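# Geometric and topological summary
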Amino acid sequence: MPHSLEPLPQSAHAALADPDAFREGIMEYGQPKLLRGVCKEWPVVQAAQSGAQNVAAYLQRFDSGAQAQAFIGAPDIQGRYHYGDNAEGFNFRRETLSLPDALATILRLAQAPGEGTAYLGSIPTRDYLPGFEQENSLPFLSANVEPRVWVGNASTASCHYDTFDNVACVAAGKRRFTLYPPEAIADLYIGPIDHTMAGQPISMAMGSTIGDPRYPRFEAIRDEAIIVELEPGDALYLPKLWWHQVEATEPFNLLVNYWWDGFPQGPDTPFTAMMLAMTVLAERPAAERQAWRAFFDHYVFRPNGHPLSHMPDERHGILGPLGNGNRKRIRAMVMQWLRGS
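As a starting point, this report considers the structure included with it.

Conventions used here
- Residue numbers run consecutively from 1 along every chain, following the written order of its sequence.
- The predicted origin of the model limits local features to residues at a pLDDT of at least 70 and limits the giving and counting of side-chain atom pairs to 80 or more, whereas totals for whole chains, interfaces and linings rest on all residues.
- Calculated side-chain values reflect all of the structure's heavy atoms, with hydrogen atoms and water omitted.
- One bridge is not enough; two strands pair if DSSP finds at least two bridges between them.
- Working definition: helices are DSSP H or I runs of at least four residues, strands are E runs of at least two. Numbering for both runs from the N terminus.
- Lines fitted to C-alpha atoms define the axes, with helix axes restricted to the stretch in contact, and inter-axis angles between N-to-C directions lie between 0 and 180 degrees.
- Two rings from Phe, Tyr or Trp (for Trp, the six-membered ring) form a pair when their centres sit within 6.5 Å of each other. Planes less than 30 degrees apart are called stacked, planes more than 60 degrees apart edge-to-face, and all others tilted.
- Accessible area is worked out with a 1.4 Å probe on protein chains only. A residue is then buried under 20% of its type maximum, exposed over 50%, and partly exposed in between.
- Each salt bridge in this description consists of a side-chain nitrogen of Lys or Arg and a carboxyl oxygen of Asp or Glu lying within 4 Å of one another.

## Let's talk about the sheet that holds strand β4 (residues 80-81)
- Within the open sheet, the 6 strands sit side by side as β1-β11-β10-β13-β8-β4. Their pairing is mixed. Each of the sheet's edge strands pairs with one partner strand only, and the pair in question is β1 (3-4) and β4.
- Pairing analysis gives 5 bridges linking strand β10 (residues 175-180) to strand β11 (residues 226-230), with the strands arranged antiparallel. Of the residues in β11, the one forming a bridge with Arg 176 is Glu 229.

## Some words on the sheet that holds strand β5 (residues 93-98)
- Strand order in the open sheet formed by 8 strands is β2-β12-β9-β14-β7-β6-β3-β5, with antiparallel pairing between adjacent strands. A strand with exactly one partner marks an edge of an open sheet, and here the two such strands are β2 (33-35) and β5. If you compare each strand with its neighbour and ignore which way they point, the axes differ by 25° on average.
- Note that strand β7 (residues 147-152) and strand β14 (residues 253-260) share 6 bridges and pair antiparallel. Its bridge partner being in β14, Pro 147 is matched across the sheet by Tyr 258.

## With respect to the packing of aromatic side chains
- Enumeration over the complete set of coordinates arrives at 17 aromatic pairs.
- For the pair Tyr 81 and Tyr 119, a centre-to-centre distance of 5.0 Å together with 90° between the ring planes defines the contact as edge-to-face. Taken as a pair, Tyr 81 in strand β4 and Tyr 119 in strand β6 (residues 117-124) lie far apart in primary sequence, 38 residues in all.
- Overall, the relative accessible area of 15% leaves Tyr 119 in the buried class.
- Plain terms: the ring middles of Tyr 180 and Phe 218 are 6.1 Å apart, the flat faces sit at 65° to each other, and that makes the pair edge-to-face. Taken together, the residues span a long stretch of sequence, with Tyr 180 in strand β10 and Phe 218 in helix α7 (residues 216-221) at a distance of 38 residues. Grouping residues by exposure puts Tyr 180 and Phe 218 together as buried.
- Ring pairing ties together the aromatic residues Phe 71, Tyr 81, Phe 90, Phe 92 and Tyr 119, which thus form one cluster.

## Here we look at the pattern of salt bridges
- Taken as a whole and judged by the stated rule, the model has 17 salt bridges.
- Its salt-bridge partner being Arg 61, residue Glu 135 comes within 2.8 Å of it at the nearest N-O pair. Of this pair, Glu 135 sits in helix α6 (residues 132-135) while Arg 61 sits in the loop between α3 (52-60) and β3 (67-73), and the two are 74 residues apart along the sequence.
- On the basis of relative accessibility, which here comes to 33%, the residue Glu 135 falls in the partly exposed class.
- What makes Arg 61 exposed here is its relative accessible area of 52%.
- Notably, a salt bridge pairs Asp 268 with Arg 331, separated by 2.5 Å at the nearest N-O pair. One end of the pair, Asp 268, is in the loop between β14 and α8 (270-281); the other, Arg 331, is in helix α10 (residues 326-338), with 63 residues separating them in the sequence.
- Under the relative-accessibility criterion, Asp 268 is labelled partly exposed at 41%.

Set out below in structure tokens:
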């Protein structure tokens, strides 16, 4: 049976005091955390108590006039946004709308459940709703972490991952998150990296019927999912690379989320490093790939500690602390090698 996620206990709420406490008390452990009621005092959450029309009116107070891309789903997809037939194209259309027009469409469809669905996703408040973030904020996130708004009808965002840490706050309606850990990647039957709905590949197996012969590995983990039910005012902390399907379960729903890298290490990203590694390693012989895995483990993932722990610190060279200028030295070496010089 799927598992539920217990709320963060009151005794651990000191970790919500400020960004440093959150990073040390929550993020470093790399596990999802259910944060009940952390945004219940937000004005937008209070507005939602009076209904969807009131939420729409509240949002339009901040409207910058910019147009955004809305996802429009026909009735037959029942709000499940996914690939089209045979993984070609997609089963929805995109339409560029002003915020008032998008909200009007969403409100209309909320009253007509058989006529399809619509949603605006990942709308940066800085560009579309300037001032919203001043009225609705979280003390444990830095002020430079920008919120994004997701507003729409009942819908399902297919199971995917993000390369950033995430705090997702329900302001109106309800959300159900279905989670799998990063190591489930091979069991979820992931689609193409370069053919995506919104930037990240999705699971092809998630949402399949029980016993589907195409996805035998998924059957072994199907019931290991973690299910998280969020009410208005609740939030979920989701570490980067955790797989998540997100269901908005009410006719009208509003989510505010924050993406950021809690542990930045210079200008390059782990995903960039993985893609480059794939170009030089993925099609080498299996024995050689296994050999390189040992070197990656030793120097990068370090399951046995620092690779030069047997030597004095002053002899660690570029394997010393990255913050001591070694990040720049290593990066300069790599860039020189990539240029072929």
